[in-house]
Amino acid sequence: MNKKGFIFDLDGVIVDTAKYHFLAWQRLAKSLDINFTEEENEQLKGVSRVRSLEKILAWGNKTISKEQFTLLMAKKNEEYLSYIAEMDSSEILPDIPKILNILIEKKQGIALGSASKNARTILDRVDLKKHFDAIVDGNDVSKAKPDPEVFLNAAKMLNIEPADCIVFEDSVAGVEAANTANMISIGIGNSNVLGQADFVFRDFTEISEEFITNLIKK
Ligand code: BG6
Ligand code: MG
């Protein structure tokens, strides 16, 4: 049987944490008198903490000192951490365990490719870390998505060629990163937003075992 590398984004793919990032950024933006829409929030998904704050400040036409920037990033993360402190495995998104089990049973490579510096903490909280052969997160890369670095590093750690990797992503930046890495991109979410992906599914409940088997055979 072929061995492929299946690389999962974390926030909004494995766990429902995209809503917590949104809440924390929104509150921070409000404190600066900046409002942003859910549509604009799509541009923050998959993007690093630094880049997210830069974008929000640009939307609000605000310039701040380096010190204030560092302070605001810490404040955002503090609020975000207070949400994830309460997390447990009930926040694993539907059918993630089922898909992971199929991949384990079929002896496929499984990796995490996340922009978050909190990724390992979250995987521990929801007790999924043991299933991953490789973990690449925001602490391990110098270039954030849409740069393909995070996925290319994950492929290298799995010892699988990029062309034999499949990426699950809920963000525009992440789909772009997977495409640039020459991997198969699978968008999880709204097809109007993730139109650049090779395939789009609303969530993992729409992904059949047959679909996975066909990806492995390719
Ligand atoms: C991504 C999220 O996974 O990680 C972004 O989609 C987030 O919303 C980014 O900003 C960085 O996360 P963290 O936990 O390092 O602030
Ligand atoms: Mg995501």
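One can find the structure itself at the top, above this paragraph.
A brief structural summary. Within any chain, residue numbers begin from 1 and follow the written order of that chain's sequence. As they are written, the chains are lettered A onward and the ligands numbered 1 onward, keeping that order. This being a predicted model, a pLDDT of at least 70 is required before a residue's local features are given, and a value of 80 or more before pairs of side-chain atoms are given or counted; all residues contribute to the totals for chains, interfaces and linings. The basis for the side-chain values is all heavy atoms of the structure; hydrogens and waters are excluded.

Comments concerning the overall build of the chain
For step 1, the next point in the chain: Secondary structure counts use DSSP, requiring at least four H or I residues in a row for a helix and at least two E residues in a row for a strand, with both numbered from the N terminus. When you go through the chain residue by residue, the secondary structure sums to nine helices and six strands.
For step 2, the next point in the chain: Expected size for 218 residues packed as a compact globule is a radius of gyration near 17 Å; at 17 Å, the chain falls within 12% of this value.
For step 3, the next point in the chain: Dimensions of the chain, computed from the C-alpha atoms along their principal axes, are close to 55 × 35 × 30 Å.
For step 4, the next point in the chain: When a residue's accessible area, from a 1.4 Å probe over protein chains only, is under 20% of the maximum for its type it is buried; when over 50% it is exposed; and in between it is partly exposed. Each of the 218 residues in the chain was classed as buried or not, and the buried ones make up 50%.
For step 5, the next point in the chain: Only heavy atoms enter the contact rule, under which two residues are in contact if any of them lie within 4.5 Å. In the chain, 61% of the contacts between residues at least 6 apart in sequence involve partners at least 24 apart.
For step 6, the next point in the chain: Total accessible area computed for the chain in this model is approximately 10,600 Å², and 47% of it derives from carbon and sulfur atoms.
For step 7, the next point in the chain: Only four residue types enter the tally: Lys and Arg on the positive side, Asp and Glu on the negative side, with His and both chain ends excluded. Think of each charge as sitting on NZ of Lys, CZ of Arg, CG of Asp or CD of Glu. Here the chain contributes 27 positively and 34 negatively charged side chains, and the mean placements of these two sets differ by 3 Å. Radius of gyration here is computed from C-alpha atoms only, and the compact-globule reference equals 2.2 Å multiplied by the residue count raised to the power 0.38. Only the protein chains shown count as cover for residues, and the accessible areas themselves come from Shrake-Rupley with a 1.4 Å probe.

As for the coordination of the magnesium ion (ligand 2)
For step 1, the next point in the chain: Distances decide who is a donor: an N, O or S atom must be within 2.8 Å of the metal, or within 3.2 Å for Na, K and Ca. Water is not included, so sites may look incomplete. At the metal site, the magnesium ion (ligand 2) is ligated by Asp-9 (OD), Asp-11 (O) and Asp-170 (OD), and these contacts range over 2.0 to 2.2 Å.
For step 2, the next point in the chain: Along the chain, the residues donating to the magnesium ion (ligand 2) fall in the pattern D-x1-D-x158-D. Taken together, the residues span a long stretch of sequence, with Asp-11 in the loop between β1 (5-8) and α1 (18-31) and Asp-170 in the loop between β4 (165-169) and α8 (172-180) at a distance of 159 residues.
For step 3, the next point in the chain: Of the residues examined, Asp-11 reaches a relative accessible area of 12% and is grouped as buried.

Section: the pairing of strand β2 (residues 109-113)
For step 1, the next point in the chain: Among the five residues that make up β2, five are buried, leaving the element largely enclosed by the rest of the structure.
For step 2, the next point in the chain: Residues Gly-109, Ala-111 and Gly-113 point to one face of β2 and Ile-110 and Leu-112 to the other, with burial holding for every one of them.
For step 3, the next point in the chain: A strand pair is defined by DSSP finding two or more bridges across the two strands. Bridge count between β1 and β2: four bridges; the pairing is parallel. Within the sheet, the bridge partner assigned to Gly-5 lies in β2 and is Gly-109.
For step 4, the next point in the chain: Bridge count between β2 and strand β3 (residues 134-136): three bridges; the pairing is parallel.

So, the sheet that holds strand β5 (residues 184-188)
For step 1, the next point in the chain: Strand order in the open sheet formed by six strands is β3-β2-β1-β4-β5-β6, with parallel pairing between adjacent strands. Each edge of the sheet is formed by a strand with only one pairing partner; in this case those strands are β3 and β6 (199-201). Pairwise comparison of adjacent strand axes, ignoring direction, gives a mean angle of 20° for this sheet.
For step 2, the next point in the chain: Here β5 pairs with β6 via three bridges, running parallel. Bridge assignment links Ile-186 to a residue of β6, and that residue is Phe-199.
For step 3, the next point in the chain: Packing against the sheet, helix α5 (residues 96-105) makes contact with β1 and β2, and its axis sits at approximately 160° to β1. Between N-to-C directions, angles cover 0 to 180 degrees, with each direction set by a line fitted to C-alpha atoms, over the stretch in contact for helices.

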